[in-house]
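# Chain and residue survey
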Amino acid sequence: MILSGTSILSTEIRSLFDSVLYYYQSKGEIYRPANIPERVFSKEIEFYRLFPEKPTELLPTTVSASENIGFWGRFQLLLWLFLEKPQSSSGARIWASLNIIIILVSVCNLISESMPSYRDSVEANKIFFAVDACCVSYFTIDILLRLGSSPSKRKFLKEVLNWFDLLAVLPFYVELLLGENSGTDGMMALRVLRLFRITRVLKLIRHSQQMMLMLLVLRNCFSELGILFCTWLMGALVFGTIMHYIEVDAESGFDSVLYACWWAAVTMTTVGYGDMTPQTNIGKAFGSMILFISMIYIALPMTLIVSKFNTALEDWKQQERTQIYYKKKEDELRNGGDEETGGSPAPR
């Protein structure tokens, strides 16, 4: 905690606390977090009696704070907010909703054209091609606009979802270049490229904060997932090898260690296709033991992943509460409701 007069700054306002802490550490410098409006932040600075000697400017987070970046910078900021922040305006929400509708139409079109009743129909194929062309045109315009308005092109290119967006439109243009009369090898390449069209459904991830949270957890749990994969792989190899030598003379399908490892991998994940089953009594007893051990063997790394997910979920909920609080406070400041009281800590 940091004392300011008779007031206490709670660490619950994480972003604001970081600003105040940096003020004391840097002996006068201060910065405004991106999730706190400028007017609200200035009131908080006045409330905690901070007097920055070297104010540090950030990328403007609102249009009103972007007066000194020129016409193109202002237009770029407006376009970026329009495309990336659906909550920034009603037009941005309409654009995001239209994006979701076109994604669903594209996926339905992809599913429909694979049906046997439409596969050999010339008229149906023309309709499917027209719908696909319209959807791809929209996706192309969207990704070009987001690339052009991105404040950091390097950060934009590092985003995995943006590469998924590129894979969603790339097969269409490659198919136009190759054409239908490209030979057997060309047709096989087209079929492989058409598989990437299903990545269009991944465009829905950017429109769901819960899915984005899942991606964040997966990225933070990369080492834990590696541990889980290694334990599963080692278990399948060890158990499969033992089962092969137990069942090698029983003609039960465990003809090699590789086949036995397939059985062990399926058994450890409790899927159990039933295509291979042990026939000897020792094999059945060993298979039962594998089922029991694998529940513990795989569950242990999962606890680490669940723990990180709970932490990320709590941070996300805290951020949502903070944004709601500052949005409400900004509305109060706009309506003149801050004249009687100064800043106050955000709710828990």
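Since this is a predicted model, take the numbers as computed values, not measurements.

Here we come to the overall build of the chain. Tallying secondary structure elements over the chain gives 13 helices and 4 strands in all. With 348 residues in all, the chain has 33% of them scored as buried. Long-range contacts, defined as pairs at least 24 residues apart, comprise 61% of the intrachain contacts of the chain with a sequence gap of at least 6. Total accessible area computed for the chain in this model is approximately 22000 Å², and 65% of it derives from carbon and sulfur atoms.

It is worth spelling out the nonpolar core at this point. Within the largest apolar cluster, 19 residues are counted, with the highest numbers of intra-cluster contacts made by Phe 239, Phe 254, Trp 263, Met 268 and Ile 290. Elements that contribute at least two residues to this core include exactly helix 10 (209–220), helix 11 (222–247), helix 12 (257–268) and helix 13 (281–334). Not counting residues up to four positions away in its chain, the partners in contact with Phe 239 are Ala 264, Met 268, Phe 286, Ile 290 and Ile 293.

Applying the stated criterion across every chain yields a total of 10 aromatic pairs. Between Tyr 138 and Phe 139, the aromatic rings sit 6.1 Å apart at their centres with planes inclined by 70°, giving edge-to-face as the arrangement. For Tyr 138, a relative accessible area of 11% puts it in the buried group. Note on Phe 139: relative accessible area 1%, which makes it buried. Plain terms: the ring middles of Phe 239 and Phe 286 are 6.1 Å apart, the flat faces sit at 75° to each other, and that makes the pair edge-to-face. Of the two residues, Phe 239 is situated in helix 11 and Phe 286 in helix 13; the sequence distance between them amounts to 47 residues. Exposure remark for Phe 239: the relative accessible area of 11% places this residue in the buried category.

Any two side chains of opposite charge can pair, on the condition that their charged atoms come close. Inspection of every chain in the model, using the stated rule, returns 3 salt bridges. A salt bridge links Glu 84 to Arg 146, with the shortest nitrogen-to-oxygen separation between them at 3.5 Å. Placement of Glu 84 in helix 3 (residues 70–84) and of Arg 146 in helix 6 (residues 122–149) is noted, with a sequence separation of 62 residues between them. The class of Glu 84 is partly exposed, set by a relative accessible area of 28%. For the salt bridge of Arg 146 with Asp 142, the shortest nitrogen-to-oxygen distance reads 3.1 Å. In this pair, Arg 146 and Asp 142 both sit in helix 6, 4 residues apart, roughly one turn of the helix. Summarising the burial analysis for this pair, Arg 146 and Asp 142 share the class buried.

Our next topic: unusual backbone geometry. Its identity as a non-glycine residue notwithstanding, Thr 270 has a phi of 55°, on the positive side. Among the secondary structure elements, Thr 270 is positioned in the loop between helix 12 and helix 13. For Thr 270, a relative accessible area of 55% corresponds to the exposed category.

The subject of this paragraph is the packing of helix 10 against helix 11. Across the interface, helix 10 lies against helix 11 with an axial gap of 4 Å and an inter-helix angle of 65°. Here helix 11 runs roughly perpendicular to helix 10, going by the angle between their axes. From helix 10, Leu 218, Arg 219 and Asn 220 reach across to helix 11, where they touch Phe 222, Glu 224 and Leu 225. Across the contact of helix 10 with helix 11, the residue classes tally to 3 nonpolar, 1 polar and 2 charged.

Residues spaced three or four apart along an α-helix point in a common direction, a consequence of the helix completing one turn every 3.6 residues. With 23 residues, helix 4 (residues 90–112) ought to run about 33 Å at 1.5 Å a step, and its terminal C-alpha atoms sit 33 Å apart, in line with that. Among the residues of helix 4, Ala 92, Trp 95, Ala 96, Asn 99, Ile 102, Ile 103, Ser 106, Val 107, Asn 109 and Leu 110 are the ones counted as buried.

In this section: the environment of Leu 291. When you line up the elements, Leu 291 lands in helix 13. Judged by relative accessible area, which is 39%, Leu 291 ranks as partly exposed.

Let us look at the confidence of the model for the chain. With 71% of its residues at a pLDDT of 70 or more, the chain has an overall mean of 75. Counted against residues more than four places away or in other chains, residues 337–348, with its pLDDT under 50, gives 22 contacts.

To continue, consider the environment of Val 107. Along the polypeptide, Val 107 turns up in helix 4. Remark: the alpha-carbon pair of Val 107 and Ile 198, spanning 91 residues in sequence, is separated by 7.2 Å.

Thresholds applied
- Residues numbered from 1 in each chain as written.
- Predicted model: local features only at pLDDT ≥ 70, side-chain atom pairs only at ≥ 80, totals over all residues.
- Heavy atoms only, no water.
- Helix = DSSP H or I, 4+ residues; strand = E, 2+ residues; numbered from the N terminus.
- Buried < 20%, exposed > 50% of the residue type's maximum accessible area, 1.4 Å probe, protein only.
- Contact = heavy atoms within 4.5 Å.
- Areas by Shrake-Rupley, 256 points an atom, 1.4 Å probe, with all protein chains shown as cover.
- Core = buried A, V, L, I, M, F, W, Y, C linked by side-chain atoms within 4.5 Å.
- Phe/Tyr/Trp six-rings, centres within 6.5 Å; stacked < 30°, edge-to-face > 60°.
- Salt bridge = Lys/Arg side-chain N within 4 Å of Asp/Glu carboxyl O.
- Axes fitted to C-alpha atoms, helices over the stretch in contact; angles between N-to-C directions.
- Parallel < 35°, antiparallel > 145°, perpendicular 65-115°, else oblique.
- Nonpolar A, V, L, I, M, F, W, Y, C, P; charged D, E, K, R; others polar.
- Expected span 1.5 Å × (residues − 1).
- pLDDT = per-residue confidence, 0-100.

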